[in-house]
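# Descriptive analysis of the structure
Now for the letters of each chain:
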Amino acid sequence: MSATQASRRGAARRAGESAFGALLLGRLVVSWLLAAALVLGGAYASWDTTRDTFGLGDTEKGQVTLLRCEQRSCTGIFAPSGDTVVLEQRIARAEGESLTVVRPLDGDLVLRADTAGRLYALAPLSGALLLAAIVIAGGLRRYRLAWIIAGTALAHLLLTFLLWI
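Residues numbered from 1 in each chain as written. Predicted model: local features only at pLDDT ≥ 70, side-chain atom pairs only at ≥ 80, totals over all residues. Heavy atoms only, no water.

## Points about the sheet that holds strand β5 (residues 109-112)
Ordered by their spatial adjacency, 5 strands build a closed barrel running β1-β2-β3-β5-β4, and the pairing between neighbours is mixed. Between one strand and the next, the sheet's axes are offset by a mean angle of 50°, whatever the strand orientation. (Pairing = 2+ DSSP bridges. Helix = DSSP H or I, 4+ residues; strand = E, 2+ residues; numbered from the N terminus. Axes fitted to C-alpha atoms, helices over the stretch in contact; angles between N-to-C directions.)

Next comes the structure, spelled out in structure tokens:
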């Protein structure tokens, strides 16, 4: 556009065009901030459990032999200390089974320390990535990036489910 054409446009049109550009920029900034907040929130939600399952916190590693399993949890004997502990397990555990677990020093709740337990601890992060993929596709119009992020999160959740059983 030449200088003469720019001078022919009215002030209202130029102001409208710059306002529309500001709105587009605002949409991009808000969408990126929302996607980042979702991912950071998912990482924060999974941090404590993930830290414990990888043995980075104040934990005690050992084996638990399951004695009694109910609908929401299993009770068993923790190998190093002989204490009775609780494993929050929703599916696919049977009495007599032995699992590698970690026990935070502040309670009687244990967490699985194998690959399935570590992936399960990262499940909130995968959920956050799925939500961020929706924001990236809808707000940023970055469809390929959104599919990559969503595919990674879904693959993680599927692998967690397959290893959990």
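## Regarding the UniProt feature "transmembrane region" (unreviewed entry) in the chain
Residues annotated in UniProt with the feature "transmembrane region" (unreviewed entry) correspond here to residues 20-47, 119-138 and 145-164. The span residues 20-47 carries 100% helix and 0% strand; its end-to-end C-alpha distance comes to 40 Å. Note that residues 145-164 is 100% helix and 0% strand, and that its end C-alpha atoms are spaced 28 Å apart. (UniProt positions renumbered as here; feature names shortened; annotations may be inferred.)

## Overview of the packing of aromatic side chains
A complete count under the given rule lists 1 aromatic pair for this structure. The ring centre of W164 lies 4.5 Å from the NZ or CZ of R112, which sits over that ring. (Phe/Tyr/Trp six-rings, centres within 6.5 Å; stacked < 30°, edge-to-face > 60°. Lys NZ or Arg CZ within 6 Å of the ring centre and 35° of its normal.)

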